[in-house]
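Here are the chains, one letter per residue:
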Number of protein chains: 2
Amino acid sequence: MIYTKTGEYAIRAILFLARQPQDALIMSSEIAEREDIPSHYLAKILQRMAKYGYVDSFKGRGGGFKITKLAQDSSILEIVERIEGPVITLKCVTGLKECSDEHPCPLHDEWSKLRDNIHHLISSKSVRQVASEYNDNLKPIK
Amino acid sequence: MIYTKTGEYAIRAILFLARQPQDALIMSSEIAEREDIPSHYLAKILQRMAKYGYVDSFKGRGGGFKITKLAQDSSILEIVERIEGPVITLKCVTGLKECSDEHPCPLHDEWSKLRDNIHHLISSKSVRQVASEYNDNLKPIK
DNA sequence: CTTTATAAAGAGTTAAATATCCTAAAATGG
DNA sequence: CCATTTTAGGATATTTAACTCTTTATAAAG
Ligand code: FES
Ligand code: FES
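Just so it is clear, the model here is predicted, and its values are computed rather than measured.

Focus: the protein's contact with DNA strand D
- Around DNA strand D, the structure places 22 residues, and the nearest of them are Met27(A), Ser28(A), Lys44(A), Ser57(A) and Thr6(B).
- Restricting attention to atoms of DNA strand D within 4 Å of the protein, one finds that 66% of them are sugar or phosphate atoms.
- The separation between a phosphate oxygen of DNA strand D and a polar side-chain atom of Ser57(A) is 2.6 Å.
- Thr6(B) places a side-chain nitrogen or oxygen 2.6 Å from a phosphate oxygen of DNA strand D.

Structure, rendered in structure tokens:
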């Protein structure tokens, strides 16, 4: 995968929250169960996302998490990179120490284009957009 | 990166060997030094590549490794996948459990195209081709 | 035949990612 | 105030990848 599991869990959780009714509070354990993510581990990820302002958290009875506007307006790339660091790093596909336009390997030109395309793919739409298309496409199938 | 370090080391070693004079025997330690790879670790990788038939190994004084025809004719993808398992797996960029044309997420169509392009990029040229273009492009710069 | 140089093989270590467990803090309901 | 529920935070455990060390096998050179 192009993300680590940690990043994948974060995105799954965020997209899950993005598809819930406005202002609904969802417990960490419920997300874990519905998305099949180790629950304690997800709790940690949600904690971090709360710090970053991607979710609001509410303790105690009736508490839980909800997605913030910030996260709704962020791209998948932004959130994943916040959680796990750079995605698809700048390294050379043939193993050169430096990947640069100046000292390109034989595959550099094509690879740098593809890399840009990947970044564009996961950064051009907001979580809100992805989630709403998700609902459009997927709900009927479920 | 799209490979693990292990896969990257394997490719670096193979491309290094591919650029040596025909039938020259190169010691594991020399490759490690020139390519700046942990030497014992590389030795293990070369061992595995010897088993897979990508390099021939010769023990004793004057011994070392040389690349085989099989490796010369293989693609980078084939070698990396043999060493480290599938590259850029089939998982969904938005975290769906299944990535499939039947139940596509909003980014699926573009992503599956990109994935194919990446695979094509690192599988359409043989190690021999890449190494020779390497020499053409890079030698003057050194 | 002995020494030396090299790869092979296996065991052991370290480090990083992933996952679990336990206690504390906060909010709610009685 | 007390009990319960839920997140917060820290400690610990497990797993996997990365790296190292040691011994053995093999070949060549003297
Ligand atoms: S130099 Fe090889 S991909 Fe950029
Ligand atoms: S279903 Fe999401 S990328 Fe294929």
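Back to the text.
Section: unusual backbone geometry
Residue and element names in this part refer to chain A.
- Even without a glycine there, the phi angle at Asp-23 is positive, about 70 degrees.
- Mapped onto the elements of the fold, Asp-23 is located in the loop between α1 (5-18) and α2 (28-35).
- Look at Asp-23 and you get exposed, because its relative accessible area is 51%.
- Although it is not a glycine, Asp-36 adopts a positive phi angle of roughly 60 degrees.
- With respect to the helices and strands, Asp-36 occurs in the loop between α2 and α3 (39-52).

Brief notes about helix α6 (residues 108-123) of chain A
- For α6(A), spanning 16 residues, the distance from its first C-alpha to its last is 22 Å, which sits close to the expected 22 Å at 1.5 Å a residue.
- Burial in α6(A) covers these residues: His108(A), Trp111(A), Ser112(A), Leu114(A), Arg115(A), Ile118(A), Leu121(A) and Ile122(A).
- Of the surrounding elements, those touching the buried residues of α6(A) are α5 (76-84) of chain A together with α6 (108-123) of chain B.

Some words on the protein's contact with DNA strand C
- Not every one of the 24 residues close to DNA strand C is listed here, only the nearest: Thr6(A), Met27(B), Ser28(B), Lys44(B) and Ser57(B).
- In the interface set of DNA strand C, defined as its atoms within 4 Å of the protein, sugar plus phosphate atoms amount to 66%.
- Within the backbone of Ser28(B), a nitrogen or oxygen atom sits 2.9 Å from a phosphate oxygen of DNA strand C.
- At 2.6 Å from a phosphate oxygen of DNA strand C is found a side-chain nitrogen or oxygen belonging to Ser57(B).
- Secondary-structure elements contributing two or more residues to the surface near DNA strand C are α1 and α3 of chain A together with α3 (39-52), β1 (55-58) and β2 (64-67) of chain B.
- Looking at the surface near DNA strand C, its residues break down into seven nonpolar, 10 polar and seven charged.

Definitions and limits used
- Counting from 1, residues in each chain are numbered in the order their sequence is written.
- In the order they appear in the text, chains get letters beginning with A and ligands get numbers beginning with 1.
- This being a predicted model, a pLDDT of at least 70 is required before a residue's local features are given, and a value of 80 or more before pairs of side-chain atoms are given or counted; all residues contribute to the totals for chains, interfaces and linings.
- Side-chain calculation: all heavy atoms of the structure are included, whereas hydrogens and water are not.
- Consider each residue's heavy atoms; a residue with any of them within 4 Å of a molecule or strand counts as near.
- Pairs of N or O atoms within 3.5 Å make up the polar contacts considered here, provided that, within protein, one atom can donate a hydrogen while the other can accept it, and that residues adjacent in sequence are counted only when both atoms are side-chain atoms.
- For helices the rule is a DSSP run of H or I covering at least 4 residues; for strands it is a run of E covering at least 2, with both sets numbered from the N terminus onward.
- Burial here depends on accessible area, computed with a 1.4 Å probe over protein chains only, as a share of the maximum for the residue type. Under 20% is buried, over 50% is exposed, and the range in between is partly exposed.
- Here a helix's expected span is defined as the number of its residues, less one, multiplied by 1.5 Å.
- Note on contacts: a residue pair is in contact if any heavy atoms of the two residues lie within 4.5 Å.
- Put simply, Ala, Val, Leu, Ile, Met, Phe, Trp, Tyr, Cys and Pro go in the nonpolar bin, Asp, Glu, Lys and Arg in the charged bin, and everything else, Gly too, in the polar bin.

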